[in-house]
Amino acid sequence: MQELVGYCHSCGKAIYCENGFLNGTVQEDQTLECFDCQEQHQDSMS
Ligand SMILES: [Zn+2]
């Protein structure tokens, strides 16, 4: 089961909830981001 939750704030990729698992993350300001974009942020932070 796959449910469209929204779109990545950074790249516009669709974020889905699959069987209760979100294939992205919700940011502190409630925007969505895919894992690819989140990893890029983590790289820039370290
Ligand atoms: Zn993205």
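Residues numbered from 1 in each chain as written. Predicted model: local features only at pLDDT ≥ 70, side-chain atom pairs only at ≥ 80, totals over all residues.

What follows covers the overall build of the protein. Looking only at helices and strands, the protein features one helix and five strands. The linear arrangement of helices and strands in the protein, starting from the amino end, is β-β-β-β-β-α. The principal-axis extents of the C-alpha atoms in the protein amount to approximately 35 × 20 × 15 Å. When each of the 46 residues of the protein is scored for burial, the buried share is 7%. (Helix = DSSP H or I, 4+ residues; strand = E, 2+ residues; numbered from the N terminus. Buried ≥ 20, exposed ≤ 12 C-beta atoms within 10 Å, placed from the backbone.)

Moving on: unusual backbone geometry. For Asn19, which is not glycine, the phi dihedral falls at a positive 50°. The topology assignment puts Asn19 in the loop between β2 (14-18) and β3 (21-22). Positive phi is not limited to glycine here, since Gln30 has a value of about 75°. When you line up the elements, Gln30 lands in the loop between β4 (24-26) and β5 (32-34). The exposure class assigned to Gln30 is exposed, which follows from the 8 C-beta atoms found within 10 Å.

So, on to the sheet that holds strand β1 (residues 2-7). Spatial ordering of the open sheet is given by β1-β2-β3, a layout of three strands whose pairing is antiparallel. Of all strands in the sheet, those bounded by a partner on one side alone are β1 and β3. Across five bridges, β1 lies against β2 in antiparallel orientation. If you follow Leu4 over to β2, its bridge partner there is Tyr16. (Pairing = 2+ DSSP bridges.)

In this section: the environment of Glu33. Residue position: Glu33 is located in strand β5. With 26 residues separating them in the primary sequence, Glu33 and Tyr7 have C-alpha atoms 7.3 Å apart. If we skip the residues at most four places from it in the chain, Glu33 touches Cys8, His9, Ser10, Gly24, Thr25, Gln27 and Gln38. (Contact = placed C-beta atoms within 7 Å.)

So, on to the pairing of β1. The buried fraction of β1 is low, at zero of six residues. Hairpin connection from β1 to β2: six residues lie between these consecutive antiparallel strands, with Gly12 at a positive phi of about 85°.

Such coordinate-based values are descriptive only and should not be taken to indicate function.
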